[in-house]
Amino acid sequence: MIAPPDRTPLPREFFDRPVLEVAPDLLGRVLVRTTPDGPIAVRLTEVEAYEGPGDPGSHAYRGRTPRNDVMFGPPGHVYVYFTYGMWFCMNLVCGPEGRASAVLLRAGEVVEGVELARKRRISARTEHELAKGPARLATALDVDRELNGTDACAPGDTPLRIVTGAPVSAGQVLNGPRTGVAGDGGVHPWRFWVGDDPTVSPYRAHVPRRRRS
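Residues numbered from 1 in each chain as written. Predicted model: local features only at pLDDT ≥ 70, side-chain atom pairs only at ≥ 80, totals over all residues. Heavy atoms only, no water.

> Help me understand the pattern of salt bridges, please; the structure alone is not making it clear to me.
Charged atoms that come close allow side chains of opposite charge to pair. Applying the stated criterion to the full structure yields 15 salt bridges. Glu46 is the salt-bridge partner of Arg191, the closest N and O atoms lying 2.7 Å from each other. Remark: Glu46 occurs in strand E3 (residues 38-50) and Arg191 occurs in strand E9 (residues 191-194); sequence separation between them is 145 residues. Taken together, the shared-partner salt bridges in this structure form one network comprising Glu46, Glu48, Arg106 and Arg191. (Salt bridge = Lys/Arg side-chain N within 4 Å of Asp/Glu carboxyl O. Helix = DSSP H or I, 4+ residues; strand = E, 2+ residues; numbered from the N terminus.)

Shown next, in the form of structure tokens:
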């Protein structure tokens, strides 16, 4: 008999570690989104680690700005950003306060609130596609900039929380280059995923945009 996933919230100390320790350890954990219509829960299957000033792929590479301010704050908070003029993506802040680093939540399996997720992801052909990719994951969970800065470790009711779930064994964890990251930041093998999991998004290398003539 398989034991049910542990619903104990992860403590702040879990996130107060180097981002390359936190990122693979998030696989198998469950992200719970509380909405007025009910909870939606996603078992995380793919993440990417982003450091601060030393990581050319990070939003914090050039220092602190109003956009990335949450990355410099306490660990365990949610950093949400808007991309391509249409999508939101969410991260979990790691490490000590003042040193920017975060884990991008790239994909997962919706394990609770499937019908609620379907209402937001009407283009998904299967349940495996509901949160297959960072923008899809955020859309399925109804996450936008209003949740930027949310404390996922706060006691009591909170719109986003990470619970223990069922951690993935080291033998199941694979890693490789981050998706769509250009230049020097593209060489870091800081994308981590659960091997052979159907909810993991396909890898895509960075493709430079051509300027219009």
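> Before we go on, may I ask you to explain the layout of surface pockets in this structure?
Empty pockets left among the atoms are what a rolling probe the size of a water molecule brings to light. Estimates place the volume of the largest pocket at around 1200 Å³. Every element with two or more residues in the lining of the largest pocket is listed here: E3, strand E4 (78-83), strand E5 (87-93), strand E6 (102-112) and helix H4 (134-140). The class makeup of the residues in the lining of the largest pocket is 16 nonpolar, twelve polar and eleven charged. (1 Å grid on protein atoms, 1.4 Å probe; cavity = no way out; pocket = protein on both sides within 12 Å on 5 of 7 lines; lining within 4 Å. Points joined across faces, edges and corners; volume = space filled by probe spheres on them. Nonpolar A, V, L, I, M, F, W, Y, C, P; charged D, E, K, R; others polar.)

> I'm lost on the environment of Ala140 in this one. Help?
Summarising the element assignment, Ala140 is placed in helix H4. The exposure class of Ala140 is buried, given its relative accessible area of 0%. For Ala140 and Arg121, which are 19 residues apart along the polypeptide, the C-alpha to C-alpha distance reads 5.9 Å. Among residues more than four places away in sequence, those in contact with Ala140 are Ile40, Ala117, Arg120, Arg121 and Leu130. (Buried < 20%, exposed > 50% of the residue type's maximum accessible area, 1.4 Å probe, protein only. Contact = heavy atoms within 4.5 Å.)

> Would you explain the side chain of Asn68 in this entry?
Looking at the element boundaries, Asn68 is found in the loop between E3 and E4. In this structure the side chain of Asn68 is engaged in a polar contact, spanning 2.9 Å, whose partner is the backbone oxygen of Gly63. Separated by 2.8 Å, the side chain of Asn68 and the backbone nitrogen of Thr65 make a polar contact. Beyond its immediate sequence surroundings of up to four residues, Asn68 is in contact with His59, Ala60, Gly63 and Tyr79. (Polar contact = N/O pair within 3.5 Å; in protein donor to acceptor, adjacent residues only side chain to side chain.)

> Sorry, what's going on with the nonpolar core here?
Considering soluble globular proteins, one finds that nonpolar side chains tend to be buried as a cluster. Ranked by internal contacts, the top residues of the largest apolar core, which has 42 residues, are Phe15, Leu26, Met90, Val103, Leu105 and Leu137. Per-element tally for this core: the top contributor is E3, with five residues. Leaving out residues up to four positions away in the same chain, Met90 has contacts with Leu31, Val78, Tyr79, Val80, Val103, Leu104, Leu105, Leu137, Leu141, Val143 and Leu160. Ala60, Met71, Ala100 and Ala102 belong to the second-largest nonpolar core, a separate cluster that totals 13 residues. (Core = buried A, V, L, I, M, F, W, Y, C linked by side-chain atoms within 4.5 Å.)

> Looking at this structure, I do not really get the environment of Ser201. What am I missing?
When you line up the elements, Ser201 lands in the segment after E9. For the pair Ser201 and Pro134, spaced 67 residues apart in the sequence, the C-alpha separation amounts to 8.7 Å. In this structure the side chain of Ser201 is engaged in a polar contact, spanning 3.1 Å, whose partner is the side chain of Arg106.

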